[in-house]
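# Tertiary structure, described
Below are the chains, spelled out letter by letter.
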Amino acid sequence: MVGSRTVVSLLAVCLLCVAVGAVASAATGQGESSEIRHPENTTGYLSPTNVTADGYAQTDIDVGSAITDDAQSLHARQDRLRFDERFERASDNAQRRAVVESAVREINASVTELRQRQEQLFAAYGADEIGERALIRKLITVTAVADRQRQFIDHVEQTVSEASGVPLPSNIQDQIEQLGSEPLLQPGPVDEQLRTEVTTTGAETTYVQGSETALVLVTVVDGTQYRQATMLDERVGTGEDTFASSENGWFDAATQRAEQLYPWAWANFEGGGGDILAGLPYYFVDVSHPHGTLELYFDGTSANVFREHQRNSPGAIPVSETHRTTTSTLELTVETTHPTGPMLITVSEPGSAEPIQTTLEINGQPIGTTDWEYWAVQPEGNFTVSATTANNETAVVSGP
């Protein structure tokens, strides 16, 4: 559940919108922890201003992570059964309220612990204390625990709504609504892919980029590029809600801010909506555009984006540069877009364009194998792509 209050279509607003000019590397607000970058002819993207670590991780099936995931699913079922038993055994409304309040306190404590674990993971990766593979395994555990708590609060909310004559204090009702829409409990598109890969499918590569308070995860799976960015410093959560206090109302204020920060996506709008996230001042805005979808989580206090999700067709994003090298046995071509964007690697026999099996590396890190084309993620800054055959014949391309 993403938000539990009114969802409003952006179409009526966007029909009235006039395309705005490009906002040159617009910072998301007063701080300097993140910015919106604007590649040409495609949507902007949220990025840390101070990247301190980046690299690739191949996510093979991991037995430990699979066991942890199964354990959390079992705990989620036990949470619901335990709550149902206590709720049904309660002899009056006062006892039922006490059962609900106890469950809410339990979930609140878990969310607080999850937030601390997330902060610690970001800081450890940004300080180069853990690598990409260790980070991803720990993030998968956080995702599994978050899913458990999301299931629990949804069950509590449904049980209370179906029960007759169990009035709850307004503060408990507010907490249930807030927990149901808590952004930390909503999985990102890469979170979902990683969880699937380590428990069932394996064999995918994720690009990781971060600082001590920010993390970007990007992967390409089955013809779709999934990207998520989380900026902890942009989530204030206290103070005056600037969107709600706007003369034109929260919806216009939130969508106008999104249009300012992502002008290309709004100029090429194909659909979307807006939502007030319970536990203001958080807002959710999404928009579809010709290359895919863009989802934004705004902090109403700072008017900044603290979470961004993207799902794009990699072949639709314009190529910025093409790099090619040819040896006596290999022709290696790399088509780039922008940092953390899709990057197409093509390997063939020179002259004949016949495919050939090779192992691929970016900046010395293995990313996979191909016998023709491979969609990778373009790293930040300079890079070296190498393709090596079984006979140790290698072709190398450097960029950008």
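Rules of the game
- Residues numbered from 1 in each chain as written.
- Predicted model: local features only at pLDDT ≥ 70, side-chain atom pairs only at ≥ 80, totals over all residues.
- Heavy atoms only, no water.
- Pairing = 2+ DSSP bridges.
- Helix = DSSP H or I, 4+ residues; strand = E, 2+ residues; numbered from the N terminus.
- Axes fitted to C-alpha atoms, helices over the stretch in contact; angles between N-to-C directions.
- Buried < 20%, exposed > 50% of the residue type's maximum accessible area, 1.4 Å probe, protein only.
- pLDDT = per-residue confidence, 0-100.
- Contact = heavy atoms within 4.5 Å.
- Phe/Tyr/Trp six-rings, centres within 6.5 Å; stacked < 30°, edge-to-face > 60°.
- Lys NZ or Arg CZ within 6 Å of the ring centre and 35° of its normal.
- Parallel < 35°, antiparallel > 145°, perpendicular 65-115°, else oblique.
- Left-handed = near helix turned anticlockwise from the far one by under 90°.
- Nonpolar A, V, L, I, M, F, W, Y, C, P; charged D, E, K, R; others polar.
- Core = buried A, V, L, I, M, F, W, Y, C linked by side-chain atoms within 4.5 Å.
- Salt bridge = Lys/Arg side-chain N within 4 Å of Asp/Glu carboxyl O.
- Expected span 1.5 Å × (residues − 1).

Ordered in space as S12-S13-S14-S17, the four strands form an open sheet in which the pairing is antiparallel. The sheet terminates laterally at strand S12 (321–326) and strand S17 (373–377), the two strands that pair on one side only. Each adjacent strand pair in this sheet contributes to an overall mean axis angle of 20°, direction not counted. Bridging between strand S13 (residues 331–336) and strand S14 (residues 342–348) involves five bridges; their strand directions are antiparallel.

We now examine the pairing of strand S15 (residues 358–362). Every second residue of S15 is oriented toward a common face, the buried set being Thr358, Leu360 and Ile362 and the non-buried set Thr359 and Glu361. Judged from the five bridges that link them, S15 and strand S16 (residues 365–370) form a sheet pairing that is antiparallel. Counterpart to Leu360 in the pairing with S16 is Gly368. What sits between S15 and S16 in their antiparallel hairpin is a turn of two residues, with Asn363 showing a positive phi close to 55°.

What follows deals with the confidence of the model for the protein chain. With 87% of its residues at a pLDDT of at least 70, the protein chain reaches an overall mean of 87. For the protein chain, helix H1 (residues 11–16) is the element with the lowest average pLDDT, namely 39, and strand S18 (residues 383–388) is the one with the highest, namely 98. Every residue in residues 1–7 is under pLDDT 50, and counting partners more than four places away or in other chains gives 30 contacts. For the stretch residues 11–31, pLDDT sits under 50, and the model shows 40 contacts to residues farther than four places along the chain or on other chains.

For any two aromatic rings, the description comes down to two numbers: the centre-to-centre distance and the angle of the planes. The final tally for this structure, using the stated rule, is ten aromatic pairs. Pairing Phe83 with Phe87 gives two aromatic rings, centres 5.6 Å apart and planes at 25°, and the pair type is stacked. Of this pair, Phe83 and Phe87 both sit in helix H2 (residues 63–89), four residues apart, roughly one helical turn. No difference in accessibility class separates Phe83 from Phe87, as the two residues are buried. The lysine or arginine in question, Arg307, covers the ring of Tyr297, its NZ or CZ lying 5.0 Å from the ring centre.

Once that is clear, we can look at the packing of helix H4 (residues 132–162) against helix H5 (residues 170–180). Packing of H4 against H5 brings their axes to within 9 Å, and their N-to-C directions diverge by 140°. Relative to H5, the element H4 is oriented oblique. The element H4 and its partner H5 pack so that their crossing is left-handed. Residue-level inspection shows Ile153, Val156 and Glu157 of H4 in contact with H5, the latter providing Ile176, Leu179 and Gly180. Class assignment of the residues belonging to the contact of H4 with H5 gives a composition of four nonpolar, one polar and one charged.

Note that soluble globular proteins tend to have their nonpolar side chains buried in a common cluster. Counting residues in hydrophobic clusters, the biggest one holds 49 residues, and the most contacted among them are Tyr262, Phe298, Leu332 and Ile345. Looking at this core, the element that brings in the most residues is helix H7 (residues 250–261), giving six residues. Counting residues in hydrophobic clusters, the runner-up holds 41 residues, among them Ala53, Val99, Ile136 and Leu179.

Following the criterion strictly, the structure yields twelve salt bridges and no others. Between Arg82 and Asp79 there is a salt bridge, and its shortest N-O distance comes to 3.5 Å. Taken together, the residues Arg82 and Asp79, both in helix H2 and three residues apart, mark about one turn of the helix. Residue Arg82 is classed as partly exposed on the basis of its relative accessible area of 34%. Residue Asp79 is classed as buried on the basis of its relative accessible area, which comes to 2%. Here the salt bridges do not stand alone but share partners, grouping Asp79, Arg82, Glu106 and Arg148 into one network.

Quick look at H7 now. The terminal C-alpha atoms of H7 lie 17 Å apart, and with twelve residues this matches the ideal 16 Å at 1.5 Å per residue to within 8%. Here H7 lies mainly inside the structure; nine of its twelve residues are buried.

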